[in-house]
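Chain and residue survey
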Amino acid sequence: MRRRLAAVLADLAPGTPTVLISHGDAIRSALAHLLGQSMTDTPWVEVQNGAVARYGSGEVGWLAQLGLEGR
């Protein structure tokens, strides 16, 4: 799964806003890849239904996630 996600992420145009929609495990895998971390080194993130993550400048921020705003 991570290799497939890495291929999708590599095809995205840098600097172009892009929306990707997926399930929790795929989102966690994509975030680990973007942060250059292994799945075992990446802290667990509970991805709630409807959660919105923003990745930019090497950082991940949650724009909307039930109970986790501001983390």
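Residues numbered from 1 in each chain as written. Predicted model: local features only at pLDDT ≥ 70, side-chain atom pairs only at ≥ 80, totals over all residues. Heavy atoms only, no water.

**Quick look at the overall build of the protein chain**
The number of helices and strands found in the protein chain is 2 helices and 2 strands. Of the regular secondary structure in the protein chain, the N- to C-terminal order runs α-α-β-β. Burial status across the protein chain gives 23% buried among its 71 residues. In the protein chain, the share of contacts with a sequence separation of at least 24, taken over all contacts with a separation of at least 6, comes to 29%. Accessible surface computed for the protein chain: about 5,400 Å², of which carbon and sulfur atoms make up 55%. (Helix = DSSP H or I, 4+ residues; strand = E, 2+ residues; numbered from the N terminus. Buried < 20%, exposed > 50% of the residue type's maximum accessible area, 1.4 Å probe, protein only. Contact = heavy atoms within 4.5 Å. Areas by Shrake-Rupley, 256 points an atom, 1.4 Å probe, with all protein chains shown as cover.)

**Describing the pattern of salt bridges**
Any two side chains of opposite charge can pair if their charged atoms end up close together. The tally for this structure, following the rule as stated, stands at 1 salt bridge. Arg28 is paired through a salt bridge with Asp25; the nearest N and O atoms lie 2.6 Å apart. Of this pair, Arg28 and Asp25 are both found in helix H2 (residues 24-34), 3 residues apart, which corresponds to roughly one turn of the helix. Look at Arg28 and you get buried, because its relative accessible area is 12%. Exposure remark for Asp25: the relative accessible area of 46% places this residue in the partly exposed category. (Salt bridge = Lys/Arg side-chain N within 4 Å of Asp/Glu carboxyl O.)

**Brief notes about the packing of helix H1 (residues 2-10) against H2**
Remark: H1 packs on H2, axes separated minimally by 9 Å, with the N-to-C direction vectors making an angle of 60°. In the crossing of H1 with H2, the sense of the turn from one axis to the other is right-handed. Along the contact surface, H1 presents Arg2, Leu5, Ala6 and Leu9, while H2 presents Ala26, Ser29, Ala30, Ala32, His33 and Leu34. (Axes fitted to C-alpha atoms, helices over the stretch in contact; angles between N-to-C directions. Left-handed = near helix turned anticlockwise from the far one by under 90°.)

**Overview of the side chain of Thr42**
Within the secondary structure layout, Thr42 lies in the loop between H2 and strand S1 (52-56). A polar contact is formed between the side chain of Thr42 and the backbone oxygen of Ser38, at a distance of 2.8 Å. Among residues more than four places away in sequence, those in contact with Thr42 are Ala32 and Gln37. (Polar contact = N/O pair within 3.5 Å; in protein donor to acceptor, adjacent residues only side chain to side chain.)

**Details of H1**
The set of residues buried in H1 consists of Leu5, Ala6 and Leu9. Down the axis of H1, the buried side of the element spans an arc of 100°, and every buried residue falls inside it. What points out from H1, more than 90 degrees from its buried face, is the exposed set Arg3, Arg4 and Ala10. On its buried face, H1 sits against H2. (Arc of directions from axis to C-beta.)

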